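Geometric and topological summary
The chain contents come next:
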Amino acid sequence: MRLKKFCHECGGPLGDREAEGRVRRFCAACEEPVYENPVPATAVVVADSARRILFVKRSVPPKAGWWCLPGGFMELGESPEECALRELREETGIRGRIGDLLGVTSSHSEQYHTVLMMGYLVEDYEGEPRPGDDALDVAFFSQDALPEIAFESHRRFVRVYLAARGNG
Ligand SMILES: [Zn+2]
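Another point: the nonpolar core. Judged by nonpolar contacts, the single largest core of 18 residues is most densely connected at Val45, Ile53, Phe55, Leu69, Val158 and Tyr161. Those elements giving two or more residues to this core turn out to be strand 4 (39-46), strand 5 (53-58), strand 9 (113-126) and helix 2 (152-166). The element best represented in this core is helix 2, accounting for 4 residues. Grouped together as the second largest cluster of nonpolar side chains are 10 residues, Leu54, Leu88, Met118 and Tyr120 included.

Taken together, the protein donors to the zinc ion comprise Cys7 (SG), Cys10 (SG), Cys27 (SG) and Cys30 (SG), at separations of 2.3 to 2.4 Å. Bound by 4 donor atoms, the zinc ion shows angles of 100 to 114° at the metal and therefore tetrahedral coordination geometry. Sequence positions of the residues that donate to the zinc ion give the spacing C-x2-C-x16-C-x2-C. Here Cys10, found in the segment before strand 1 (14-19), pairs with Cys30, found in the loop between strand 2 (22-27) and strand 3 (32-34); they are 20 residues apart in sequence, far enough to count as distant. Take Cys10: its relative accessible area is 43%, and that puts it in the partly exposed class.

Okay, the domain arrangement of the chain next. Segmenting the chain into domains produces domain 1 (1-36) and domain 2 (39-166). Taking only C-alpha atoms, the centre of domain 1 and the centre of domain 2 are 34 Å apart.

This structure, assessed with the given rule, holds 10 salt bridges. Arg86 is the partner of Glu90 in a salt bridge, and the nearest nitrogen-oxygen pair spans 3.3 Å. With Glu90 and Arg86 both in helix 1 (residues 80-92) and 4 residues apart, the pair spans about one turn of that helix. Residue classification places Glu90 among the partly exposed positions, given a relative accessible area of 42%. The residue Glu123 makes a salt bridge to Arg97 at a minimum N-O spacing of 3.6 Å.

Parameters and conventions
Residues numbered from 1 in each chain as written. Predicted model: local features only at pLDDT ≥ 70, side-chain atom pairs only at ≥ 80, totals over all residues. Heavy atoms only, no water. Core = buried A, V, L, I, M, F, W, Y, C linked by side-chain atoms within 4.5 Å. Buried < 20%, exposed > 50% of the residue type's maximum accessible area, 1.4 Å probe, protein only. Helix = DSSP H or I, 4+ residues; strand = E, 2+ residues; numbered from the N terminus. Donors = N, O, S within 2.8 Å, 3.2 Å for Na, K, Ca; no water. Tetrahedral: all angles 85-135°; square planar, octahedral: opposite > 155°, others 65-115°. Domains from an automatic or database assignment. Salt bridge = Lys/Arg side-chain N within 4 Å of Asp/Glu carboxyl O.

Spelled out as structure tokens, the structure:
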């Protein structure tokens, strides 16, 4: 985890100081706390007509070589739904529309400390999946032969999808 080292206002070094009820990064020159917040990200469940679920094989850390749901970090000015569909398009070439919210959860991240993860079902998808820049491979997996999934938040969204829709 990489906490901020320098103040984004004045460039001065940051220390730790109690402010507003907890220890925070603090700029002594500005006499202001510098807030650290979770980073929002999305992941999507895309299922084909046989209810097989689409996974992406990661090419970059963390968990390079593992399978996960398509997804990634929100850009400035983006809605969670826009982020989810953009990441799906970038990683798999697939387009679709946002369906049910599968959950919102936070998880620990080596890089960002805490990630706020939102999971969506994507429906009416179009296109044949092909791996994008951050993916080694993309593939649909049947429910009885799912890969080992890189992230607990993604496992949770898959469980929610299977409980609600998997057998219906
Ligand atoms: Zn400062």
